[in-house]
Amino acid sequence: SSRPVGYTNAKSLLEGIKEVFRMVIDKIALALAIIGALNWGSIGLFQFDIVAWAFGGQGAAVSRVIYTIVALAGIWCISLFFRDREELLEHRDSNH
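An account of the accompanying structure is given in this report. In this text, all values refer to a predicted model and were calculated from it rather than measured experimentally. (Residues numbered from 1 in each chain as written. Predicted model: local features only at pLDDT ≥ 70, side-chain atom pairs only at ≥ 80, totals over all residues. Heavy atoms only, no water.)

## Looking at the pattern of salt bridges
A side chain with one charge may pair with a side chain of the opposite charge, provided their charged atoms come close.
Here's step 1: With the rule as written, the count across this model stands at three salt bridges.
Here's step 2: The closest approach of N and O atoms between glutamate 15 and lysine 18, which form a salt bridge, is 3.7 Å. With glutamate 15 and lysine 18 both in helix H1 (residues 7–46), this residue pair falls three residues apart, about one helical turn.
Here's step 3: On the basis of relative accessibility, which here comes to 42%, the residue glutamate 15 falls in the partly exposed class.
Here's step 4: In this structure lysine 18 comes out as partly exposed when scored by relative accessible area, which is 46%.
Here's step 5: Between aspartate 26 and arginine 83 there is a salt bridge; the shortest N-O distance is 2.7 Å. (Salt bridge = Lys/Arg side-chain N within 4 Å of Asp/Glu carboxyl O. Helix = DSSP H or I, 4+ residues; strand = E, 2+ residues; numbered from the N terminus. Buried < 20%, exposed > 50% of the residue type's maximum accessible area, 1.4 Å probe, protein only.)

Right, dumping it as structure tokens:
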């Protein structure tokens, strides 16, 4: 074989690390999206922006950073809709 000894193990270790990293990012993104949803619910029901109240108004730099991070988390969560399909296709392709 032309592969170095341990190549397969290193590759599977790297895949495992990538999977754990993705799972952690998924959970963080989901938690941030939930926080954002609760803030939007507070705005809708009570006309009270929790982030703006806690961090000095909507225009404050900290509030804007938080809004941006929550938006990025929401964008990341879009990938969750397609993840199961991708994993099923990869599994199907590896069996053929």
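## Considerations on a nonpolar patch on the surface
Here's step 1: Together, Leu45, Phe46, Phe48, Ile50 and Trp53 give the surface a local cluster of nonpolar side chains, amounting to about 620 Å² of exposed area.
Here's step 2: The set of elements that each furnish at least two residues to the nonpolar patch consists of H1 and helix H2 (50–55).
Here's step 3: As for its placement among the helices and strands, phenylalanine 48 is situated in the loop between H1 and H2.
Here's step 4: Looking at phenylalanine 48, the relative accessible area reads 36%, which means it is partly exposed. (Patch = residues over 30% accessible without salt bridge, like charges linked within 9 Å, V, L, I, M, F, W, Y side chains within 5 Å. Areas by Shrake-Rupley, 256 points an atom, 1.4 Å probe, with all protein chains shown as cover.)

## Quick look at the environment of leucine 32
Here's step 1: When you line up the elements, leucine 32 lands in helix H1.
Here's step 2: Residue leucine 32 is classed as partly exposed on the basis of its relative accessible area, which comes to 25%.
Here's step 3: Along the backbone, leucine 32 and alanine 71 are 39 residues apart, and their C-alpha atoms lie at a distance of 8.7 Å.
Here's step 4: Excluding residues that lie within four positions of it along the chain, leucine 32 makes contacts with Ile69, Val70 and Ala73. (Contact = heavy atoms within 4.5 Å.)

## Focus: the layout of surface pockets
Space left empty within the atom packing is revealed by a probe, the size of a water molecule, rolled over the atoms.
Here's step 1: Here the largest pocket defines a volume of roughly 160 Å³.
Here's step 2: Around the largest pocket, the lining residues are Ile35, Gly36, Asn39, Trp40, Ile43, Asp49, Val51, Phe55, Ile66, Tyr67 and Val70.
Here's step 3: Where the lining of the largest pocket is concerned, the elements lending two or more residues are H1, H2 and helix H3 (61–95).
Here's step 4: Among the elements that make up the lining of the largest pocket, the one with the highest residue count is H1 (five residues).
Here's step 5: When the residues that make up the lining of the largest pocket are grouped by side-chain class, the tally is eight nonpolar, two polar and one charged. (1 Å grid on protein atoms, 1.4 Å probe; cavity = no way out; pocket = protein on both sides within 12 Å on 5 of 7 lines; lining within 4 Å. Points joined across faces, edges and corners; volume = space filled by probe spheres on them. Nonpolar A, V, L, I, M, F, W, Y, C, P; charged D, E, K, R; others polar.)

## So, the packing of aromatic side chains
Each aromatic ring pair is described using two quantities: the centre-to-centre distance and the angle formed by the ring planes.
Here's step 1: One pass over the full model with this rule turns up one aromatic pair.
Here's step 2: Ring geometry for phenylalanine 48 and tryptophan 53: centres 5.8 Å apart, planes at 50°, overall tilted. (Phe/Tyr/Trp six-rings, centres within 6.5 Å; stacked < 30°, edge-to-face > 60°.)

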